[in-house]
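# Descriptive analysis of the structure
What follows is the residue order along each chain.
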Amino acid sequence: VIDHEVRMARRHETNLTLAIIDVDHFKKYNDKYGHPAGDEALAAISQTILSKMRRPSDYAFRLGGEEFALVFTELGRAESNDFLDNIRHSIESLNIPHATNTASEYISISIGAVTANGRSILDAEQFYSEADKALYMAKNNRNCTVITEL
């Protein structure tokens, strides 16, 4: 899907955003509450993410473990940030207790994202790499959104 959306954004010179989400201190959550509780938390997070993805060009994926990716079109940096922050706040508002989370008393997420007009994107690998770098920056603070622009 990412390859396809990058090609479409390049062809039509439209905005594209790729976001990578990481659940803050999820290993500590599993250690304290157990894997069944971790699975329930991931299901609640997934449902919250999916409830926000409303347009036909919105995609959400579980990358593995506690990481998710979102791909969506047509929003600039500010609008993408607002959209992603809404998701971040919605997940924290689930009020799932997480006593070992240094970022919140509840389960929270860190989001790293990149947005660009299609003409600025070289390929999907470069685009993913930029989102991953933004996630690394977000994880330095936790429970925040970091979005960069190509």
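First things first, this report covers the structure right here in the doc. Since the model is a prediction, treat every value here as computed from it, not as a measurement.

## Considering the packing of helix α1 (residues 2-12) against helix α5 (residues 124-141)
Between α1 and α5, the least distance of the axes is 9 Å, while the angle of their chain directions is 105°. Classed by the angle they form, the pair α1 and α5 counts as roughly perpendicular. On α5, the residues that touch Ile2, Asp3 and Val6 of α1 are Ala124, Phe127 and Tyr128. Across the contact of α1 with α5, the residue classes break down as 5 nonpolar, no polar and 1 charged.

## Structural notes on the environment of Ser108
When you line up the elements, Ser108 lands in the loop between α4 (77-92) and β4 (109-117). Taking C-alpha positions, Ser108 is 14 Å from Val146, a pair spaced 38 residues apart along the chain. Dropping the residues within four chain positions of it, Ser108 is found in contact with Asp22, Val23, Asp24, Asn101, Ala103 and Asn143. Engagement of the side chain of Ser108 in a polar contact is seen with the side chain of Asp24, the distance being 2.6 Å.

## So, the sheet that holds strand β1 (residues 15-23)
Within the open sheet, the 5 strands sit side by side as β2-β3-β1-β4-β5. Their pairing is mixed. Of all strands in the sheet, those bounded by a partner on one side alone are β2 (59-64) and β5 (145-149). If you compare each strand with its neighbour and ignore which way they point, the axes differ by 15° on average. Here β1 runs beside β4; their pairing, made up of 9 bridges, is antiparallel. Opposite Leu18, over in β4, you have Val114 as the bridge partner. Across the face of the sheet, α4 comes into contact with β1, β3 (67-73), β4 and β5 while running at roughly 160° to β5. Packed on one face of the sheet, α5 meets β1, β2, β3, β4 and β5 and runs near 145° to β4.

## Concerning the nonpolar core
Most often, soluble globular proteins have nonpolar side chains that are buried together. Counting 23 residues, the largest nonpolar core has Val23, Ile49, Leu70, Leu84 and Ile107 as its most contacted members. Those elements that place two or more of their residues in this core are β1, α2 (26-33), α3 (35-52), β3, α4 and β4. Core analysis: the next-biggest nonpolar cluster, separate from the first, contains 14 residues, Ala69, Val71, Val114 and Ala116 among them.

## Some thoughts on the side chain of Thr145
Along the chain, Thr145 turns up in strand β5. Using a relative accessible area of 15% as the deciding quantity, one classes Thr145 as buried. In terms of polar contacts, Thr145 uses its side chain to reach the side chain of Asp85, at 2.8 Å. Within the structure, the side chain of Thr145 is placed 3.5 Å from the side chain of Arg88, a separation counted as a polar contact. When near neighbours in sequence (up to four residues on either side) are disregarded, Thr145 contacts Asn81, Leu84, Asp85, Arg88 and Ile111.

## Focus on the packing of α2 against α3
Relative to each other, α2 and α3 sit at 130°, their axes nearing to 7 Å. Put simply, α2 runs oblique to α3. From α2, Phe26, Tyr29, Asn30 and Tyr33 reach across to α3, where they touch His35, Ala37, Gly38, Ala41 and Leu42.

About the criteria used
- Residues numbered from 1 in each chain as written.
- Predicted model: local features only at pLDDT ≥ 70, side-chain atom pairs only at ≥ 80, totals over all residues.
- Heavy atoms only, no water.
- Axes fitted to C-alpha atoms, helices over the stretch in contact; angles between N-to-C directions.
- Helix = DSSP H or I, 4+ residues; strand = E, 2+ residues; numbered from the N terminus.
- Parallel < 35°, antiparallel > 145°, perpendicular 65-115°, else oblique.
- Contact = heavy atoms within 4.5 Å.
- Nonpolar A, V, L, I, M, F, W, Y, C, P; charged D, E, K, R; others polar.
- Polar contact = N/O pair within 3.5 Å; in protein donor to acceptor, adjacent residues only side chain to side chain.
- Pairing = 2+ DSSP bridges.
- Core = buried A, V, L, I, M, F, W, Y, C linked by side-chain atoms within 4.5 Å.
- Buried < 20%, exposed > 50% of the residue type's maximum accessible area, 1.4 Å probe, protein only.

Everything listed here is a matter of geometry and, on its own, says nothing about what the molecule does.
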